[in-house]
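Reading the structure
Residue-level listing of the chains:
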Amino acid sequence: MRFLAVLAAFFALAVPALADDADPVAPVEKIMQISQGMFKETDPSGDDYFSDKWMPQLFSQAFADIARKGFAKAKENDEPFIDYDPVLGGQDGCQPKDLTISNAGPKDGAFDVVAKFRALYCFDGSDNSFSETHFKVVMENGVAKIDDIVNIIPDADPISLRDVMKSYFSAQ
C-alpha cells in the first residue's frame, strides 16, 4: 500500500513537469525572464542565454552546436560572435516591460512563439513602441527547445539569429 502511495505522489509531481517541458511557450518565458534579469537597472543578473547552464535547457541541439562552435571560434580569434542581444534585437536595451508571449501556432515545422515588449523606453528621446521577437520552437524528445530567434524590425527584413551565426562562418 505504501508503494502505491509513493508511486501516486511521484506521478502527481512528475506529470505537471512533463507538461511544462512540452509547452512551446515555456522556453520563451524562461529566456525572457533571463533577459529581464540581465537588463535590470539596479543589480543586473550575470546570467547569459548562452551559458552552459541555459544552452542545453533552452536551445535545440542543432542550435546549440552552431552556437558553441561559433563562440569557440570567436574566442580563438578574440572577436565577438554575436555582437547584439538577440532576444531584445539590439545592442542596447532596457529591462523588457509590458511583455506578452503567445503561441502563434505551427509554422515551417515548428511553433512560432511571439514575444512583444517595450525595450527602448529608458533612452532619452526614444519612442515607446513595442519590439517583437519570434522564437522558432521545436520538440526534441518531448521537450520544447528554441531553434531560432527572429527579430522583427519595422521597415526591414526579419533578422534570424541562426542566419547571423551561419554568416559568421562564411565571413571567415
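See the structure shown above.
What follows covers unusual backbone geometry. One non-glycine residue, Asp 108, lies in positive phi territory at about 55 degrees. Inspection of the secondary structure puts Asp 108 in the loop between strand S1 (97-107) and strand S2 (110-118). Judged by its relative accessible area of 68%, Asp 108 is exposed. In this structure, Asp 155 is a non-glycine residue whose phi angle is positive, near 60 degrees. By the element assignment, Asp 155 lies in the loop between strand S4 (143-152) and strand S5 (159-160). Exposure remark for Asp 155: the relative accessible area of 84% places this residue in the exposed category.

Right, let's talk about the pairing of S2 for a bit. With seven of its nine residues buried, S2 lies for the most part within the structure. Note that S1 and S2 share seven bridges and pair antiparallel. When the bridges of S2 are listed, Asn 103 appears paired with Val 113. In sequence, S1 turns back onto S2 through a hairpin of two residues, with Asp 108 there showing a positive phi of about 55 degrees. Judged from the seven bridges that link them, S2 and strand S3 (residues 131-140) form a sheet pairing that is antiparallel.

With that settled, the discussion passes to the nonpolar core. In terms of nonpolar packing, the biggest core is built from 34 residues, with Ile 31, Phe 59 and Phe 135 touching the most fellow members. Counting only elements with at least two residues in this core, the list comes to helix H2 (26-38), helix H3 (55-58), helix H4 (61-77), S2, S3, S4 and helix H5 (161-170). At five residues, the largest contribution of residues to this core is made by H4. Ile 31 has contacts with Tyr 49, Leu 58, Phe 59, Val 87, Phe 135, Ile 146 and Ile 149, leaving out every residue within four places of it along the chain.

Conventions used here
- Residues numbered from 1 in each chain as written.
- Predicted model: local features only at pLDDT ≥ 70, side-chain atom pairs only at ≥ 80, totals over all residues.
- Heavy atoms only, no water.
- Helix = DSSP H or I, 4+ residues; strand = E, 2+ residues; numbered from the N terminus.
- Buried < 20%, exposed > 50% of the residue type's maximum accessible area, 1.4 Å probe, protein only.
- Pairing = 2+ DSSP bridges.
- Core = buried A, V, L, I, M, F, W, Y, C linked by side-chain atoms within 4.5 Å.
- Contact = heavy atoms within 4.5 Å.

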